[in-house]
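Letter by letter, the chains look like this.
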Amino acid sequence: MIYPIVKFGNPVLDKPAEKVTVFDDELQKLIDDMFESMYAAHGVGLAAPQISLSRRIAVIDITFKEDPKAKLVLINPEIIHTEGKHTQSEGCLSIPEFRENVTRPNKVTVRAQDVHGKVYEKTGEELLARAFLHETDHLNGKLYISHISALKRDLIKRKIRKMIKAGEW
Ligand code: NI
């Protein structure tokens, strides 16, 4: 099932998501649907609040279907180590048509649970590090535009408000 993706302005994106405590078939189905929804939207990461579910679940595939082993499921993730700095253009399926350069740590270790509830740790660099941070931010009610200058952020918000008025958002 492909879920519609909610956009900036929807309050579900602004609140911290609820911890996952039940690891059952329903969760597996939801994760399969999240991958399907992410691919359908041409994304490399998707967090549950983006499909209106305030639960601490995110999926990532920075290879976009190239490597099945690159499919990552992050449940209740926590960033446990960061180092360095890396600046790259970043976007979000919930803020379509906008991109901005964002400086984030270059190397990031995340601790999360998999679909069975097993705790694991994974370290990523550059794009993968960025995906860990971007998706974990979503689960904390935070969007990437919180990491850019107030000036750039206000400009984006202004443009979005115009689009909302025009019925284009
Ligand atoms: Ni996003």
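For the structure itself, look to the data block above.
To keep things clear, this report deals only with the structure shown in the data block.

### Digging into the overall build of the chain
The helix and strand tally for the chain stands at three helices and seven strands. Start at the N end of the chain and walk to the C end: the helices and strands fall as α-β-β-β-β-β-β-β-α-α. Its C-alpha atoms give the chain a radius of gyration of 15 Å, within 12% of the compact-globule value 15 Å for 169 residues. Projected onto its principal axes, the C-alpha positions of the chain cover 45 × 40 × 30 Å.

### What to know about the coordination of the nickel ion
Listed as protein donors to the nickel ion are C92 (SG), H134 (NE2) and H138 (NE2); their distances from the metal cover 2.0 to 2.3 Å. Judged by relative accessible area, H138 falls into the buried class, the value being 1%.

### A few points about the pattern of salt bridges
In this structure the tally under the stated criterion is seven salt bridges. Its salt-bridge partner being K29, residue D33 comes within 2.9 Å of it at the nearest N-O pair. One end of the pair is D33 and the other is K29, both in helix α1 (residues 25-40) and four residues apart, which spans about a single turn. K29 sits in the partly exposed class, given a relative accessible area of 46%. The salt bridge partner of R104 is E90, with a shortest N-O separation of 2.8 Å. With a gap of 14 residues between them, R104 in strand β5 (residues 100-104) and E90 in strand β4 (residues 86-90) connect regions that are remote in the sequence. Note on accessibility: R104 and E90 belong to one class, buried. Shared partners join several salt bridges into a network, and the residues in it are E90, R104, R130 and D137.

What counts and what doesn't
Residues numbered from 1 in each chain as written. Predicted model: local features only at pLDDT ≥ 70, side-chain atom pairs only at ≥ 80, totals over all residues. Heavy atoms only, no water. Helix = DSSP H or I, 4+ residues; strand = E, 2+ residues; numbered from the N terminus. Rg over C-alpha atoms; globule rule 2.2 N^0.38 Å. Donors = N, O, S within 2.8 Å, 3.2 Å for Na, K, Ca; no water. Buried < 20%, exposed > 50% of the residue type's maximum accessible area, 1.4 Å probe, protein only. Salt bridge = Lys/Arg side-chain N within 4 Å of Asp/Glu carboxyl O.

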